[in-house]
Amino acid sequence: MARLLDDYGVKATISACALALERNREYADWIRESSHDFIGHGWRWTEDSRLEREEEKRLMLRAIASIESTTGQRIPGWNVRSFPAVNTRSILVEEGGFLYDSDSTNDELPYFVDHAGEPLLVVPYSKVYNDVKYLVAPSYATPNDFFTTLKLAVDYLVDEAERGHRGRMMTVGLHPRGRGQAARASAVKQFIEYVLTKKGAGFMRRLDIAEHWNKNFHPS
């Protein structure tokens, strides 16, 4: 997956647990030396929705410090594993330094929410085009199914934009432990090549989207 991104010059948003990066310094160095941005994904694989507030906050702060150490980035966004807790958003606001929250899965456009009287940008992480569906039956039987699904979505969204219904985000979630196999990686390669030649489509980091939205649509 890393070679694909590098070979085609695609800048992506990388998500991983902080402890995983500590144990894979070569990968962390690749992020540090690239133009990819990073989104917080927790200290390790925990079910944050079941954590008490202080424990969740303690692990979030530990993850922030760890990721900054390994990648050189102060993470601008947060996307907890599985499901956020009832306190996750308030902890993000309380800690500060976050440009956006990506724990929502409910839209294809960013939006602002009022939290404690302050606007907070939400950049949704839709799981419609996520490769975890390889593991959910009935779903992708072959990598061709994955590529076809992504291609059809790009074509439809671009067509809607050209007809005046404005552009949309299309979040494609990839997990290297499953996609880093030759057959399944081939579908990702096909998709990258398709988007790079598709007029009206392109790749953006979540950081780029958040900065654009804050600059042009901030409610203040």
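Predicted model only: the values in this text are computed from it and were never measured.

Student: Kindly report on helix H6 (residues 143-165), identifying the contributing residues and their values.
Tutor: Compared with the 33 Å implied by 1.5 Å per residue over 23 residues, the 30 Å span of H6 between its first and last C-alpha is a close match. Taken as a whole, H6 has its buried residues at Pro143, Phe146, Phe147, Leu150, Ala153, Val154, Asp155, Leu157, Val158 and Glu160. Taken together, the buried residues of H6 touch strand S7 (129-130), strand S8 (172-173) and helix H8 (182-197). Looking at the residues trailing H6, positive phi occurs at Arg166, about 60°.

Student: Give a description of the packing of aromatic side chains that names residues and reports values.
Tutor: One pass over the structure, following the stated rule, counts eight aromatic pairs. For the ring pair Trp78 and Phe98, a centre distance of 6.2 Å and an interplane angle of 80° mean the geometry is edge-to-face. Of the two residues, Trp78 is situated in strand S3 (residues 77-78) and Phe98 in the loop between helix H5 (88-95) and strand S4 (100-101); the sequence distance between them amounts to 20 residues. Each member of the pair Trp78 and Phe98 is classed as buried. Through successive ring pairs, a cluster of aromatic residues spans Tyr134, Tyr140 and Phe146.

Student: Mind laying out the side chain of Asp101, listing which residues take part and the relevant values?
Tutor: With respect to the helices and strands, Asp101 occurs in strand S4. A distance of 3.0 Å separates polar atoms of two side chains, one belonging to Asp101 and the other to Arg89. Polar contacts involving the side chain of Asp101 include one to the main-chain amide nitrogen of Asp103, which spans 2.9 Å. Beyond its immediate chain neighbours, meaning those up to four positions away, Asp101 contacts Trp78, Arg89, Leu92, Leu120, Leu121, Val122 and Val123.

Student: Got a sec to walk through the nonpolar core? Specific residues and values, please.
Tutor: Within the largest apolar cluster, 40 residues are counted, with the highest numbers of intra-cluster contacts made by Leu21, Phe38, Met60, Ile75, Trp78, Phe98 and Phe146. Of all the elements in the fold, those that place two or more residues in this core are helix H1 (2-8), strand S1 (13-16), helix H2 (18-22), helix H3 (25-33), helix H4 (53-71), H5, H6 and H8. Setting aside residues up to four positions removed in sequence, Leu21 forms contacts with Ala16, Tyr27, Ala28, Ile31, Phe38, Ile67, Thr70 and Thr71. Ranked by size, the runner-up nonpolar core spans nine residues in total, among them Ile39, Tyr100, Val123 and Ala210.

Student: Outline the pairing of strand S2 (residues 37-40), listing residues and values.
Tutor: Along any regular strand the residues' side chains alternate between the sheet's two faces. Of the two faces of S2, the one carrying Asp37 and Ile39 and the one carrying Phe38 and Gly40 are both buried. In this structure, S1 lies alongside S2, joined through four bridges in parallel fashion. Bridge pairing in S2 links Ala16 to Gly40.

Student: So what's going on with the pairing of strand S5 (residues 111-115)? Which residues, and what values?
Tutor: The pairing of S5 with strand S6 (residues 118-122) spans five bridges and is classified as antiparallel. Across the sheet, residue Asp114 finds its bridge partner in S6, namely Pro119. Two successive antiparallel strands, S5 and S6, enclose a turn made up of two residues, where Ala116 displays a positive phi of approximately 55°.

Rules behind the numbers
- Residues numbered from 1 in each chain as written.
- Predicted model: local features only at pLDDT ≥ 70, side-chain atom pairs only at ≥ 80, totals over all residues.
- Heavy atoms only, no water.
- Helix = DSSP H or I, 4+ residues; strand = E, 2+ residues; numbered from the N terminus.
- Expected span 1.5 Å × (residues − 1).
- Buried < 20%, exposed > 50% of the residue type's maximum accessible area, 1.4 Å probe, protein only.
- Contact = heavy atoms within 4.5 Å.
- Phe/Tyr/Trp six-rings, centres within 6.5 Å; stacked < 30°, edge-to-face > 60°.
- Polar contact = N/O pair within 3.5 Å; in protein donor to acceptor, adjacent residues only side chain to side chain.
- Core = buried A, V, L, I, M, F, W, Y, C linked by side-chain atoms within 4.5 Å.
- Pairing = 2+ DSSP bridges.

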